[in-house]
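Report on the structure
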Amino acid sequence: MASLKSLKKQAQEEITKTRDLKELDTIFKKYLGKRGKITQILSKIKNLRKEKRVKVGKEANLLKNFIKQKIETRAKKMRDISASAEETGVIDITIPGKRPLFGHLHPLTQVQKKVEEIFQSLGFSVVEGPEIETEWYNFDALNIPKDHPARDAWNTLWLKDSELLLRTQTSPVQIRYMEKNNPPLRIIAPGRTFRHEATDASHEVNFYQVEGLMIDKKVSAANFRAIIQEFFQRFFSESAEASREGGGKQIKIRIRPSYFPFTEPSFEVDMSCLNCQGKGCSACSQTGWMEMMGAGMVHPNVYKAVGLNPKNWQGFAFGMGLDRLAMMKYKINDIRLFYSGDLRFLQQF
Ligand code: FA5
């Protein structure tokens, strides 16, 4: 009975001194846990004589409830204090802080910024156009009339009950810009593009392009080649300085003849796949080459569509796959990873 009394005093003192719920929990375990002091006393009383057993049992149970209640009251007080701190704005500055989660730019945004930086340093301005377009800007003005078979190449997503569509390419921005600005001009137009097509390792339904347009009195395909080679060199070298000084390794590109209604002649530009070093992999459909862009010399009908005289001007245009650039830069073998929203993937950039 005496030890029960001293336990009561001891427990009471210890409870009053606790500063947080964790300390309270330790006290609870010390007295009332499986191997707690009171629990042990209660488990031993069966060995006592009957009268003593009843007496001690009663006292021990009273003490048990007493401690339980003290702990509960103390815990409630602690919770009330922290709740009122939240309300009153009084903050306990000694509580360790929560580490904030840092986000960062999506790899495609990082690539877009890098592309803009390089072209700006080559004298190009960055412009934008709408993602929802009219048939005129996406097709007709680009010399692709309604029944032209080349329209099939752009698997178009049309908006329900309207004449509008999701742009299949960034080329309409060329038209919009030339309507408002006279040559000489040098622009790039990065942005989102949409096509209703089956996805695979290098094709998405929603992807990004960077349009380029340079028009002046005398601009040739050789100028296009030089600018594009310089761009690739800078983009894939560790830093622009390294490549200017010849420090970056030579990026292999090849230009193939192609067909686009809005350019004549037209080309396609491939680069040696950096994912497999040209050996062939899933990203480049085992060819060792990745198709990076369509390009060509601006077609006379495009000048006419924006009210310019084709006899006075020369220029090139290109439309480059931004996702493909990112795939090559970071050695990513599947374009769909960019849109997966998987943090394990995104956190690597
Ligand atoms: C065009 O879209 C033309 N507008 C490019 C152009 C502009 C030609 C100016 C001449 C003058 P194309 O459909 O080939 O062309 O697409 C251009 C690039 O976009 C491709 O080389 C490829 O890198 C990328 N691309 C095309 N379709 C997809 C897709 N579904 N997913 C990811 N990238 C794609």
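Note that the structure is a prediction, hence the values are computed from the model and not measured.

1. So, the pattern of salt bridges
Across all of its chains, the model carries 15 salt bridges by this definition. As a salt-bridge pair, arginine 336 and aspartate 334 come within 2.9 Å of each other at their nearest N and O atoms. Judged by relative accessible area, arginine 336 falls into the partly exposed class, the value being 33%. Sharing partners across several salt bridges, the network here consists of Glu135, Asp140, Lys146 and Arg151.

2. Section: the pairing of strand β10 (residues 314–321)
Counting buried positions along β10 gives seven out of eight residues, so the element sits mostly inside the fold. Taken together, the eight bridges between strand β6 (residues 206–216) and β10 define a ladder with antiparallel strand orientation. Its bridge partner lying in β10, methionine 214 is registered against phenylalanine 316. Here five bridges tie strand β9 (residues 289–298) to β10, and the two strands are oriented antiparallel to one another.

3. Brief notes about the sheet that holds β9
Within the open sheet, the seven strands sit side by side as β1-β5-β6-β10-β9-β8-β7. Their pairing is mixed. A strand with exactly one partner marks an edge of an open sheet, and here the two such strands are β1 (125–126) and β7 (253–258). Taken together, the 10 bridges between strand β5 (residues 185–194) and β6 define a ladder with antiparallel strand orientation. The residue of β6 that forms the bridge with proline 190 is valine 210. Its contacts with the sheet put helix α5 (residues 107–121) on β1, β5, β6 and β10, and the angle it makes with β5 is roughly 165°.

4. Describing the environment of serine 171
Mapped onto the elements of the fold, serine 171 is located in the loop between β4 (165–166) and α7 (172–180). On the basis of relative accessibility, which here comes to 4%, the residue serine 171 falls in the buried class. Here serine 171 is in contact with Leu142, Glu211 and Phe262, once residues within four sequence places are set aside. Polar contacts involving the side chain of serine 171 include one to the side chain of glutamate 211, which spans 2.8 Å.

5. Looking at the side chain of glutamate 204
Counting through the fold element by element, glutamate 204 comes out in the loop between β5 and β6. Filtering out sequence-adjacent residues up to four positions away, glutamate 204 remains in contact with Glu197, Thr199, Ile335, Arg336 and Tyr339.

6. Notes on the nonpolar core
A general feature of soluble globular proteins is that nonpolar side chains tend to end up buried together. If you look at the biggest cluster of nonpolar residues, it comprises 47 residues, and the most contacted ones within it are Val115, Phe119, Phe232, Phe318 and Leu325. Those elements that place two or more of their residues in this core are α5, β6, α8 (221–236), β8 (263–272), β9, β10, α11 (322–330) and α12 (343–346). With seven residues, α8 is the largest single contributor of residues to this core. Look past the residues within four positions of leucine 325 in its chain and what remains in contact with it is Val111, Val115, Phe231, Phe232, Phe235, Phe236, Met292 and Met320.

7. What to know about the site of the ligand
Taken together, the neighbourhood of the ligand is formed by 27 residues, with Gln169, Arg195, Glu197, Glu204 and Glu291 sitting nearest. Between the ligand and arginine 324 there is a distance of 3.4 Å, counted from an oxygen atom to a side-chain nitrogen or oxygen. Considering the ligand on its own, with 680 Å² of exposed area, one finds that the protein chains cover 96% of that surface. Of all the elements in the fold, those that place two or more residues in the shell around the ligand are β6, β8, β9 and β10. Residues belonging to the shell around the ligand are distributed by class as follows: 10 nonpolar, 10 polar and seven charged.

8. A look at the packing of α5 against α8
Interhelical geometry of α5 versus α8 gives an angle of 130° and a closest axis separation of 10 Å. With respect to their mutual orientation, α5 and α8 come out oblique. Pair α5 / α8 crosses with right-handed handedness. Of the residues in α8, those touching α5 at Val111, Lys114, Val115, Ile118, Phe119 and Ser121 are Ile227, Ile228, Phe231, Arg234 and Phe235. The class makeup of the residues in the contact of α5 with α8 is eight nonpolar, one polar and two charged.

Calculation rules
- Residue indices follow the written sequence of each chain, beginning from 1 at its first position.
- Under the rules for a predicted model, residues below a pLDDT of 70 receive no local features and side-chain atom pairs below 80 are neither given nor counted, while totals for whole chains, interfaces and linings still include all residues.
- With hydrogens and water excluded, all non-hydrogen atoms of the structure serve as input to the side-chain values.
- Salt bridges are counted wherever a side-chain nitrogen of Lys or Arg sits within 4 Å of a carboxyl oxygen of Asp or Glu.
- Each residue is placed in one exposure class: buried if its accessible area under a 1.4 Å probe, protein chains only, is under 20% of its type's maximum, exposed if it is over 50%, and partly exposed if it falls in between.
- Secondary structure counts use DSSP, requiring at least four H or I residues in a row for a helix and at least two E residues in a row for a strand, with both numbered from the N terminus.
- A pair of strands is treated as paired once DSSP finds two or more bridges between them.
- Every residue pair with non-hydrogen atoms within 4.5 Å of one another is taken to be in contact.
- Between N-to-C directions, angles span 0 to 180 degrees; the directions come from axes that are lines fitted to C-alpha atoms, helices contributing only their stretch in contact.
- Polar contacts here mean pairs of N or O atoms no more than 3.5 Å apart (in protein, one a potential hydrogen donor and the other a potential acceptor; neighbouring residues in sequence count only if both atoms are side-chain atoms).
- Nonpolar core, defined: a set of buried Ala, Val, Leu, Ile, Met, Phe, Trp, Tyr and Cys residues in which side-chain atoms within 4.5 Å join the residues together.
- It suffices for a single heavy atom of a residue to lie within 4 Å of a molecule or strand for the residue to be listed as near it.
- Here, Shrake-Rupley sampling with a 1.4 Å probe gives the accessible areas, and only protein chains in the shown set may cover a residue.
- Only Asp, Glu, Lys and Arg are considered charged, only Ala, Val, Leu, Ile, Met, Phe, Trp, Tyr, Cys and Pro nonpolar, and every remaining residue, Gly among them, polar.
- Under this scheme an angle from 65 to 115 degrees is roughly perpendicular, one under 35 degrees roughly parallel, and one over 145 degrees roughly antiparallel; angles in between are oblique.
- Should the near helix be turned anticlockwise from the far one by less than a right angle, the crossing is left-handed, and should it be turned clockwise, the crossing is right-handed.

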